[in-house]
Amino acid sequence: PTKTNKTKKKESVPQVKPPPTKLIPTGVVCLRGKLVRNTSEGISLDKYCIHKITGMWAMGLDKILADPENSKGECSNFEYEHKASGGVTAFPLSGKYNGSFLVNAPHGGAK
């Protein structure tokens, strides 16, 4: 008897992605920044990884986009980071991030 190869091809089903989240342009706290990953390879013996988010926040994305250099003083800086040990490769890391927000006084002075 002759054997026949009866392997079925998997049909690829296109993945339908949900629509992007609608952003509220003004009147809500908005953070805009960059997330970077730094590791301790070559620096120390214990393997750890730090994910750091730095950027600006304001009462609306419109304020950040209209003044990315913050010359009007309506935006403030923020910074968060998460440190994980054990050679974690996931990016971004899920978990508790520690950090701070700078709050500006009404006339651009920092508090």
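Read on for a plain summary of the structure. None of these values were measured; they are calculated from a predicted model.

1. Details of the sheet that holds strand β3 (residues 76-85)
And then number 1: With antiparallel pairing, four strands are arranged side by side in an open sheet as β1-β2-β3-β4. Each edge of the sheet is formed by a strand with only one pairing partner; in this case those strands are β1 (30-39) and β4 (98-101). Each strand of the sheet is rotated relative to its neighbour by a mean of 10°, with strand direction disregarded.

2. Remarks on the environment of Val28
And then number 1: Summarising the element assignment, Val28 is placed in the segment before β1.
And then number 2: Each C-alpha atom, one on Val28 and one on Gly60, is 5.2 Å from the other, the two residues being 32 residues apart in sequence.
And then number 3: Leaving out residues up to four positions away in the same chain, Val28 has contacts with Ala58, Met59 and Gly60.

3. Re the packing of aromatic side chains
And then number 1: All chains considered together, the criterion is met by four aromatic pairs.
And then number 2: Note on Phe78 and Tyr80: the rings are 6.3 Å apart at their centroids and 50° apart in plane angle, and the pair reads as tilted.
And then number 3: Note on Tyr80: relative accessible area 21%, which makes it partly exposed.
And then number 4: Through a chain of ring-to-ring contacts, three or more aromatic side chains come together here, namely Trp57, Phe78, Tyr80 and Phe101.

4. Observations regarding the pairing of β3
Walk down a regular strand and you will see the side chains alternate between the two sheet faces.
And then number 1: As paired elements, strand β2 (residues 48-58) and β3 share 10 bridges and run antiparallel to each other. By the bridge assignment, Gly55 is partnered in β3 with Phe78.
And then number 2: The pairing of β3 with β4 spans four bridges and is classified as antiparallel. The residue of β4 that forms the bridge with Tyr80 is Gly99.

Quick notes on the rules
- Residues numbered from 1 in each chain as written.
- Predicted model: local features only at pLDDT ≥ 70, side-chain atom pairs only at ≥ 80, totals over all residues.
- Heavy atoms only, no water.
- Pairing = 2+ DSSP bridges.
- Helix = DSSP H or I, 4+ residues; strand = E, 2+ residues; numbered from the N terminus.
- Axes fitted to C-alpha atoms, helices over the stretch in contact; angles between N-to-C directions.
- Contact = heavy atoms within 4.5 Å.
- Phe/Tyr/Trp six-rings, centres within 6.5 Å; stacked < 30°, edge-to-face > 60°.
- Buried < 20%, exposed > 50% of the residue type's maximum accessible area, 1.4 Å probe, protein only.

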